Amino acid sequence: MSTDSSNNKSDLIVVGSGIVGMACALVAIEQGLSVQVVERDPVCTGASIRNFGFVTVTGQGSGATWNRARRSRDIWAHVAPQAGIAVEHAGLYVLAQRLEAEPVLRELLNTAQGLHLEWLDPEALHQRAPHLAHAHIRGALYSPHELRVEARYAVEKLRLWLQSRGVRFHMGQSVRQVESGSVRLGQQELQAERIVVCPGPDIRSLFPEAFAAYQTRLCQLQMLRVRPPAGYQLGAAVMSDLSLVRYRGYSELPGAQRLEDRLRLETPRELQHGIHLIVVQNADGSLVVGDSHQYGDSMPPFVPAEMEELILQEMQRLLCLGHCHVEERWTGIYPSGSQDAFIETVLPGVQLLSVISGTGMSTAFALAEECLMGERIAT
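Residues numbered from 1 in each chain as written. Predicted model: local features only at pLDDT ≥ 70, side-chain atom pairs only at ≥ 80, totals over all residues. Heavy atoms only, no water.

What follows covers the overall build of the protein. Scanning the protein for helices and strands turns up 12 helices and 18 strands. Rg of the C-alpha trace for the protein: 21 Å, near the compact-globule value of 21 Å for 379 residues, within the 12% margin. Seen through its principal axes, the protein has C-alpha atoms that stretch 70 × 40 × 40 Å. A buried classification covers 56% of the 379 residues belonging to the protein. (Helix = DSSP H or I, 4+ residues; strand = E, 2+ residues; numbered from the N terminus. Rg over C-alpha atoms; globule rule 2.2 N^0.38 Å. Buried < 20%, exposed > 50% of the residue type's maximum accessible area, 1.4 Å probe, protein only.)

The following block contains the structure:
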């Protein structure tokens, strides 16, 4: 087994090169630490590249998750240009289609999370975003906080930038064992005083008992890349009424139950499949659209065609695009548990950091600061 200290020793070892692992590596090098990252795949292929690339602040659960998202958004804005990651667009419009949606959005304005948000009535929406001001839209909540990057490229660009700053990557290397002070690979042992394990949706290989304690299972989502009519410009991310009963920052508000009652009558299949709507746009004009949510201990590779149909129908109800066609389809899997994220010390000098919700892109940087710097986010 290799013991060359010049290659094998560092201050920190990070297991996993998804966005959570990359965030830990960034925080560590900003503190002047030497860092090694181990990743079993040659490149990141998991949930971190299969999402919207949507750094979401508004609608996150009040307290720690919202605060983490707000902090992470600022770190994204600082890091992205340095790493050559383009911010495709900024901001968010949550469009109210139903009478019951408007009170929910207005209620958010009166919370601590409502700072800098705006309610746009139909006339104001038409002036700000005429392509969204359709006759059936009752108004919109506008948030300036959100950023959107192209996830499939952003994580690899971040990795290469970190590598240029001295982070050592062991790509395509499976971890056989994690102990205090060491991580064992196939024919190699890496050593560090501190280890952070960021396994993404692999909730069984390393420290499965910790995931079980948080009632963690898997969530599979379906997403699409859609080509809209030529020249269509979205301008910001868009969400719909269905989002208001899925995102905790909205669903915990007093008016959300009345909206959910109506949605259960009008959109039962969408709710059954865990569908809400997010639409973002790429530099090439295509739209990333989704998504559905199916939960289980293991996920079958089969996705009903109905899910895609329902997602596209909701997109058309909201945006009225007319002709468009699907260019790509994919699924993603992430862990889902009893809270949004956790940091657990599983061995002396070894921490397990997992986002057990769909908020990794939005909260990872702040979570990494909490894990490595001990700066607890207010709850």
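When a protein is soluble and globular, its nonpolar side chains tend to lie buried together. Counting 58 residues, the largest nonpolar core has Tyr93, Leu95, Leu125, Leu132, Tyr250, Met315 and Leu319 as its most contacted members. One finds Leu147, Met171, Phe365 and Ala368 within the second-largest nonpolar core, a separate group that totals 45 residues. (Core = buried A, V, L, I, M, F, W, Y, C linked by side-chain atoms within 4.5 Å.)

The next subject is the packing of helix α2 (residues 19-30) against helix α12 (residues 360-373). Where α2 contacts α12, the two axes come as close as 8 Å, and the packing angle between them is 45 degrees. Here α2 lies oblique to α12, going by the angle between them. In this structure, the crossing between α2 and α12 has a hand that is right-handed. Here Ile19, Val20, Ala23, Cys24, Leu26, Val27 and Ala28 of α2 lie close against α12, whose contacting residues are Gly360, Met361, Ala364, Phe365, Ala368, Glu369, Leu372 and Met373. (Axes fitted to C-alpha atoms, helices over the stretch in contact; angles between N-to-C directions. Parallel < 35°, antiparallel > 145°, perpendicular 65-115°, else oblique. Left-handed = near helix turned anticlockwise from the far one by under 90°. Contact = heavy atoms within 4.5 Å.)

It is worth spelling out the pairing of strand β10 (residues 189-197) at this point. Note that strand β1 (residues 9-15) and β10 share six bridges and pair parallel. From the neighbouring strand, Ile13 faces β10, where its bridge partner is Ile195. Bridge count for strand β9 (residues 182-184) against β10 is three bridges, and the pairing is antiparallel. Its bridge partner lying in β10, Val183 is registered against Leu190. Between β9 and β10, which pair antiparallel one after the other, the connecting turn spans four residues. Inspection of the sheet shows β10 paired to strand β18 (residues 350-355) by three bridges, in the parallel sense. Looking at β18, one finds that Ile195 is bridged to Val350. (Pairing = 2+ DSSP bridges.)

The final tally for this structure, using the stated rule, is 30 salt bridges. Residue Arg106 is joined to Glu102 by a salt bridge in which the shortest nitrogen-to-oxygen separation is 2.9 Å. Placement of the pair is Arg106 and Glu102 together in helix α4 (residues 101-109), with a separation of four residues, close to one helical turn. For Arg317, the salt bridge is made with Glu270, and the minimal N-O distance between the two is 3.3 Å. Pair noted here: Arg317 is in helix α11 (residues 305-319) and Glu270 is in helix α10 (residues 268-272), with a separation of 47 residues, a long-range link. Note on Arg317: relative accessible area 33%, which makes it partly exposed. Salt bridges linked by common partners bring Arg98, Glu100, Asp241, Arg262 and Glu266 together as one network. (Salt bridge = Lys/Arg side-chain N within 4 Å of Asp/Glu carboxyl O.)

On to unusual backbone geometry. Residue Asp291 follows Gly290 across a cis peptide bond; omega there is 0 degrees. Turning to its location among the elements, Asp291 is positioned in the loop between β14 (287-290) and β15 (294-296). Phi angles above zero are rare outside glycine, and Phe207 is one such case at about 55 degrees. Along the polypeptide, Phe207 turns up in the loop between β10 and α7 (208-213). With a phi close to 55 degrees, Gln215 is a non-glycine residue in the positive phi region. With respect to the helices and strands, Gln215 occurs in the loop between α7 and β11 (217-227).

Before going further, it helps to examine the packing of aromatic side chains. Taken as a whole and judged by the stated rule, the model has four aromatic pairs. Relative to Phe365, the ring of Trp76 has its centre 5.1 Å away and its plane inclined at 75 degrees; by these criteria the two rings are edge-to-face. Separated by 289 residues along the polypeptide, Trp76 in helix α3 (residues 64-82) and Phe365 in helix α12 bring together distant segments of the chain. Each member of the pair, Trp76 as well as Phe365, is classed as buried. Ring plane angle 75 degrees and centroid distance 5.6 Å describe the contact between Phe211 and Phe342, whose orientation is recorded as edge-to-face. Note that Phe211 is positioned in helix α7 and Phe342 in strand β17 (residues 341-347), a separation of 131 residues in sequence. Take Phe211 and Phe342: they sit in the same class, and that class is buried. Cluster of aromatic residues (ring-pair linked, three or more members): Phe211, Tyr214 and Phe342. The aromatic ring of Trp330 is capped on one face by Arg152, whose charged end is 5.9 Å from the ring centroid. A cation sits over an aromatic face here: Arg159 above Phe169, 5.1 Å from the ring centre. (Phe/Tyr/Trp six-rings, centres within 6.5 Å; stacked < 30°, edge-to-face > 60°. Lys NZ or Arg CZ within 6 Å of the ring centre and 35° of its normal.)

Keep in mind these numbers describe shape, not what the thing actually does.
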